[in-house]
Amino acid sequence: MMLDASVAPPAAIDAAPDPLPKLSAALPPLFLGGEIYRHSSYGKKHPLSIPRVTVAMDLARAMGWLDETRYLDSPMATEAQLARFHARDYIAAVRQAERDQRVDLETSQRYGLGKLENPVFPEMYRRPAIAVGAAIQAAELLRDGGVVYSPASGTHHARPGRASGFCFFNAPVLGILSLLDQGLDRILYIDLDAHHGDGVQDAFHDDERVLTVSIHEGGRWPHTGKLEDRAGGMARNLPVPAGFHDSELRYLVEEALIPLACAFRPQAMVIQTGADALADDPLSRLSLSNRALWHAVSELLGLAPRTLVVGGGGYNPWSVGRAWAGIWAVLCGIDPAGTPLTPEAVSVLRGLTWDRREGRNPPTHWFDRLHDAPREGPVRDEIRMVAAATRDL
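This is a predicted model, so every value here is computed, not measured. (Residues numbered from 1 in each chain as written. Predicted model: local features only at pLDDT ≥ 70, side-chain atom pairs only at ≥ 80, totals over all residues. Heavy atoms only, no water.)

## Focus on the overall build of the protein chain
In step 1: Of regular secondary structure, the protein chain possesses 15 helices and eight strands.
In step 2: Reported as C-alpha extents along the three principal axes, the dimensions of the protein chain are approximately 55 × 50 × 40 Å.
In step 3: In the protein chain, which comprises 393 residues, the share counted as buried stands at 58%.
In step 4: Taking all contacts inside the protein chain whose residues are at least 6 apart in sequence as the whole, residues at least 24 apart take part in 80%.
In step 5: With an accessible surface of roughly 15,200 Å², the protein chain has 51% of that area assigned to carbon and sulfur atoms.
In step 6: Taken as two groups, the 40 positive and 48 negative side-chain charges of the protein chain have centres that lie 4 Å from each other. (Helix = DSSP H or I, 4+ residues; strand = E, 2+ residues; numbered from the N terminus. Buried < 20%, exposed > 50% of the residue type's maximum accessible area, 1.4 Å probe, protein only. Contact = heavy atoms within 4.5 Å. Areas by Shrake-Rupley, 256 points an atom, 1.4 Å probe, with all protein chains shown as cover. Lys, Arg positive; Asp, Glu negative; His and termini not counted. Charge placed at Lys NZ, Arg CZ, Asp CG, Glu CD.)

See the structure below:
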């Protein structure tokens, strides 16, 4: 693998690295959201039948962390912008499916539309196009440095010509392409979702300007991202076992992610913060608390002068809403675990419903505090081996 001459060689990882560029305190973080997410649903029986982005928005406002000077409505990406990565016939098929609210068998089989995971629903074109528009806008806002948060823009599975894994358009890829358009040549993508960030890895598998790193549950769909998989050389994969807990994520951040960042010296970083690795999520067997996710984001901030933080998976409305609101607090320099909920925030949480067994009698901690109890434990040998195998370039 060829690296820029300014990048530290692998031997430098164990030595004290040169100071990385730090975020300017004069650039407060910005939050990109949108009201389209408030009532949009993939369908009553789909995991994305729940509100997520607007729960994080509402909680952040209810806690007094988000005022209108820090919030921007997300624009919808144009067809030309989507076509930077996606095939035009696929874009047209998604648009047509939204218009008709149906797809024929040929369209379904060719583009992955209208299937259980990627259903036809009223906003199936506009919603993902707005998530992409946010990622592109974020890249422009980061031109001179700073932090931008777009919880809707973690759609990391979408393929150039096919929907995949609840993702119709790939917002992280299009955001990274927009950063590359600015002349940047070292962009670090870190994926903390329970599912491997396959769409982003494959988009940049042989592009020496983009290093993709994914921590995900081994053996889970999409069944990619094995430890030895380095794509074209610019990927590092850290598959973890069931029961992966706070101590183990902290170990991987300290022993793998930070050394990789110090060696690569990114000019920009994208952090995907899927909340499906949390213990309260139904679609993984991982056991993180939201504190672990917040700590990881806090430790990674400052490793690049430009940082885009996006969401991702997360299929319990209480756990994902609390986690993503807490990430915004972290980006603002606030400890979400040390801040009592306001009555307005409690009202937001008590207004949520979830049509699953766990949602019919939810535990009280989903309502009375933002933070989970820590989920610590011994770091298993498998985790140590994963870190040792991936910390170098």
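Back to the write-up after that little detour.
## Quick look at the side chain of Asn 170
In step 1: Looking at the element boundaries, Asn 170 is found in the loop between strand 3 (146-150) and helix 7 (171-181).
In step 2: A polar contact of 3.4 Å, which involves the side chain of Asn 170, links it to the backbone oxygen of His 156.
In step 3: A polar contact of 3.1 Å, which involves the side chain of Asn 170, links it to the backbone nitrogen of Val 173.
In step 4: Apart from the residues within four sequence positions on either side, Asn 170 is in contact with Phe 85, His 86, Val 132, Thr 155, His 156, His 157, Ala 158, Gly 199 and Val 200. (Polar contact = N/O pair within 3.5 Å; in protein donor to acceptor, adjacent residues only side chain to side chain.)

## As for the pattern of salt bridges
In step 1: A full pass over the atoms with the stated rule returns 21 salt bridges.
In step 2: Taking the shortest distance from any N to any O, the salt bridge between Asp 185 and Arg 186 comes out at 3.7 Å.
In step 3: The exposure class assigned to Asp 185 is partly exposed, which follows from its relative accessible area of 29%.
In step 4: Among the ionic pairs, Arg 285 bridges to Glu 217, the shortest N-O distance being 2.7 Å. Placement of Arg 285 in the loop between strand 7 (268-272) and helix 10 (290-300) and of Glu 217 in strand 5 (residues 210-217) is noted, with a sequence separation of 68 residues between them.
In step 5: A single network of salt bridges, built from pairs that share partners, joins Glu 35, Arg 38 and Asp 58. (Salt bridge = Lys/Arg side-chain N within 4 Å of Asp/Glu carboxyl O.)

## Notes on the packing of aromatic side chains
In step 1: Inspection of the entire model under this criterion finds 14 aromatic pairs.
In step 2: Centroid distance Phe 166 to Tyr 315: 5.7 Å. Interplanar angle 85°. Geometry classified as edge-to-face. Pair noted here: Phe 166 is in the loop between strand 3 and helix 7 and Tyr 315 is in the loop between strand 8 (306-310) and helix 11 (317-331), with a separation of 149 residues, a long-range link.
In step 3: We classify Tyr 315 as buried; its relative accessible area is 8%.
In step 4: Summarising the aromatic geometry, the rings of Trp 318 and Phe 367 are spaced 5.7 Å apart at their centres and angled 80° between planes, so their arrangement reads as edge-to-face. (Phe/Tyr/Trp six-rings, centres within 6.5 Å; stacked < 30°, edge-to-face > 60°.)

## A short note on the confidence of the model for the protein chain
In step 1: Confidence along the protein chain averages 93 in pLDDT terms, with 93% of residues attaining 70 or more.
In step 2: Across residues 1-25 the pLDDT falls below 50, and counting only partners more than four positions away or on other chains, this stretch makes 42 contacts in the model. (pLDDT = per-residue confidence, 0-100.)

## Re helix 9 (residues 246-264)
In step 1: Spanning 19 residues, helix 9 covers 25 Å between terminal C-alpha atoms, matching the ideal 27 Å at 1.5 Å per step.
In step 2: In the structure, helix 9 departs most strongly from a straight axis at Val 253, where the bend amounts to approximately 35°.
In step 3: Of all 19 residues in helix 9, 16 are buried; the element is thus mostly enclosed.
In step 4: A positive backbone phi angle near 50° is found at Arg 265, which sits one or two residues after helix 9. (Expected span 1.5 Å × (residues − 1). Bend = angle between axes of the 7 residues up to and from the residue.)

## Regarding the packing of helix 2 (residues 53-62) against helix 12 (residues 343-350)
In step 1: With their axes 8 Å apart at the nearest point, helix 2 and helix 12 run at an angle of 160° to one another. Between helix 2 and helix 12, the angle falls in the class roughly antiparallel. Relative to helix 12, the crossing made by helix 2 is right-handed. Between helix 2 and helix 12, the contacting residues are Val 55, Asp 58, Leu 59 and Ala 62 on the first element and Glu 344, Ala 345, Val 348 and Leu 349 on the second. (Axes fitted to C-alpha atoms, helices over the stretch in contact; angles between N-to-C directions. Parallel < 35°, antiparallel > 145°, perpendicular 65-115°, else oblique. Left-handed = near helix turned anticlockwise from the far one by under 90°.)

## A closer look at the sheet that holds strand 8
In step 1: Strand order across the open sheet formed by eight strands is 2-1-3-8-7-4-5-6, with parallel pairing between neighbours. The open sheet has two free edges, formed respectively by strand 2 (71-73) and strand 6 (235-240), since each of these has just one partner strand. For this sheet, the mean angle separating the axes of adjacent strands, direction not counted, is 15°.
In step 2: Pairing analysis gives five bridges linking strand 3 to strand 8, with the strands arranged parallel. Bridging from a neighbouring strand, Gly 146 pairs with Arg 306 of strand 8. (Pairing = 2+ DSSP bridges.)

## A look at the nonpolar core
In step 1: Membership of the largest hydrophobic core comes to 82 residues, with the highest contact counts inside it found for Ile 215, Phe 244, Leu 252, Trp 324 and Ile 327.
In step 2: Per-element accounting of this core gives the leading share, 12 residues, to helix 9.
In step 3: Discounting residues that sit within four places of it in the chain, Trp 324 has contacts with Arg 52, Val 53, Ala 56, Tyr 149, Pro 151, Thr 273, Ala 275, Gly 311, Gly 312 and Gly 313. (Core = buried A, V, L, I, M, F, W, Y, C linked by side-chain atoms within 4.5 Å.)

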